[in-house]
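Spelled out, the chains give:
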Amino acid sequence: IGIKEIQKIYYLSKTNTGISVMGRAGWKEKSIKDIIQEFSLIIDSSFTQHDVAENFNNYIRNTYPKLETSFHLAGYTNNKPFVYDMHFNDGLHLENESPKDYFVLARVDDQEVRQKIQPMPDFSTLKINESINFSEDLFKYKIEVENKKSIPAVGYPIDYLIITPQGITKKSIRDLADFAIY
């Protein structure tokens, strides 16, 4: 979730990895896209999702140690999904340790929003369109709650990057060139 002027979703085509960004949108004169493009030069298509996440974590910590930006990295290795949370204070954590762990797709911190979406669906049974509809409702509720606050933290538009073992599809107001890094 971001604003129109700031790109918050990226796609590393070499490894079929999606990266979402939370926090600072750049470092000095460099945008997050510039930083991710720099990182993409040190990886290749043989990297597993674990390799990408570990190398990205090390790259950010060593090259931009004071960057107050957190990331989610997601993709497939051998048709198995991997989702990593990389918080700027906490480091790297694998979010889906078992095949049934889909919770990261719908982490909800606000109790008011959580009550509106209960019970949580079984994501492993949802079709892509059903997942998008659920996500849109979730974001709509989150934005409604945020807009009641004195300084809202999220807003429209919302971009989606849908990753499958075969590649990506997207639902976005942006062009693929805005977020794809080759």
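Since we're looking at a predicted model, the values are computed, not measured.

## A word on the confidence of the model for the chain
1) Next: This prediction gives the chain a mean pLDDT of 82; 83% of its residues lie at or above 70.
2) Next: Ranking the elements of the chain by mean pLDDT puts helix α5 (residues 176-179) last, at 70, and helix α2 (residues 49-63) first, at 96.

## Focus on the nonpolar core
Inside soluble globular proteins, nonpolar side chains tend to come together where they are buried.
1) Next: In terms of nonpolar packing, the biggest core is built from 29 residues, with Ile60 and Phe71 touching the most fellow members.
2) Next: Those elements that place two or more of their residues in this core are β1 (9-12), β2 (17-23), α1 (32-40), α2, β5 (69-77), β6 (80-87), β8 (160-164) and β10 (180-181).
3) Next: Here this core takes five residues from α2, the largest share from any one element.
4) Next: Sequence-distant contacts of Ile60, that is, excluding residues within four places in its chain, are made with Ile35, Pro65, Leu67, Phe71 and Met86.
5) Next: Counting residues in hydrophobic clusters, the runner-up holds seven residues, among them Val113, Leu138, Tyr141 and Val145.

## Looking at the packing of α1 against α2
1) Next: With their axes 11 Å apart at the nearest point, α1 and α2 run at an angle of 120° to one another. The angle between α1 and α2 falls in the class oblique. When the axes of α1 and α2 are compared, the crossing they make is right-handed. Contacts from Ile35, Ile36, Glu38 and Phe39 in α1 reach Val52, Asn55, Phe56, Tyr59 and Ile60 in α2.
2) Next: Of the residues assigned to the contact of α1 with α2, the class counts are seven nonpolar, one polar and one charged.

## Some points on the sheet that holds β2
1) Next: Reading across from one edge, β7-β6-β5-β2-β1-β10 is the order of the six strands in this open sheet, with mixed pairing throughout. Looking at the sheet topology across the chains shown, the edges are occupied by β7 (91-94) and β10.
2) Next: Two elements, β2 and β5, share seven bridges in a ladder whose sense is antiparallel. Bridge pairing links Gly23 to Thr69 in β5.
3) Next: Relative to β1, α1 is tilted by about 15°, and along the sheet it contacts β1, β2, β5 and β10.

## Some points on the packing of aromatic side chains
1) Next: Counting across every chain of the model gives six aromatic pairs.
2) Next: Consider the rings of Trp27 and Tyr64, whose centres lie 6.1 Å apart with planes at 75°: the pair is edge-to-face. Of this pair, Trp27 sits in strand β3 (residues 26-27) while Tyr64 sits in the loop between α2 and β5, and the two are 37 residues apart along the sequence.
3) Next: Given a relative accessible area of 23%, Trp27 falls into the partly exposed group.
4) Next: Between Phe39 and Phe56, the ring centres sit 4.9 Å apart and the planes meet at 70°, which makes this aromatic pair edge-to-face. Taken together, the positions of Phe39 in helix α1 and Phe56 in helix α2 put the pair 17 residues apart, joining distant regions of the chain.

## Details of the pattern of salt bridges
1) Next: Under the definition given, this model contains three salt bridges.
2) Next: The residue Glu38 makes a salt bridge to Lys30 at a minimum N-O spacing of 2.4 Å.
3) Next: The salt bridge involving Lys148 is made with Glu112; its shortest N-O contact spans 2.9 Å. With Lys148 in the loop between α4 (128-147) and β8 and Glu112 in helix α3 (residues 111-117), this residue pair connects regions lying 36 residues apart in the sequence.
4) Next: On the accessibility criterion, Lys148 (62% relative accessible area) is exposed.

## Regarding the environment of Lys28
1) Next: For Lys28, the location among the structural elements is in the loop between β3 and β4 (30-31).
2) Next: Residue class for Lys28 comes out exposed when judged on its relative accessible area of 71%.
3) Next: Note: C-alpha distance between Lys28 and Leu67 (39 residues apart in sequence) is 9.8 Å.

Conventions used here
- Residues numbered from 1 in each chain as written.
- Predicted model: local features only at pLDDT ≥ 70, side-chain atom pairs only at ≥ 80, totals over all residues.
- Heavy atoms only, no water.
- pLDDT = per-residue confidence, 0-100.
- Helix = DSSP H or I, 4+ residues; strand = E, 2+ residues; numbered from the N terminus.
- Core = buried A, V, L, I, M, F, W, Y, C linked by side-chain atoms within 4.5 Å.
- Buried < 20%, exposed > 50% of the residue type's maximum accessible area, 1.4 Å probe, protein only.
- Contact = heavy atoms within 4.5 Å.
- Axes fitted to C-alpha atoms, helices over the stretch in contact; angles between N-to-C directions.
- Parallel < 35°, antiparallel > 145°, perpendicular 65-115°, else oblique.
- Left-handed = near helix turned anticlockwise from the far one by under 90°.
- Nonpolar A, V, L, I, M, F, W, Y, C, P; charged D, E, K, R; others polar.
- Pairing = 2+ DSSP bridges.
- Phe/Tyr/Trp six-rings, centres within 6.5 Å; stacked < 30°, edge-to-face > 60°.
- Salt bridge = Lys/Arg side-chain N within 4 Å of Asp/Glu carboxyl O.

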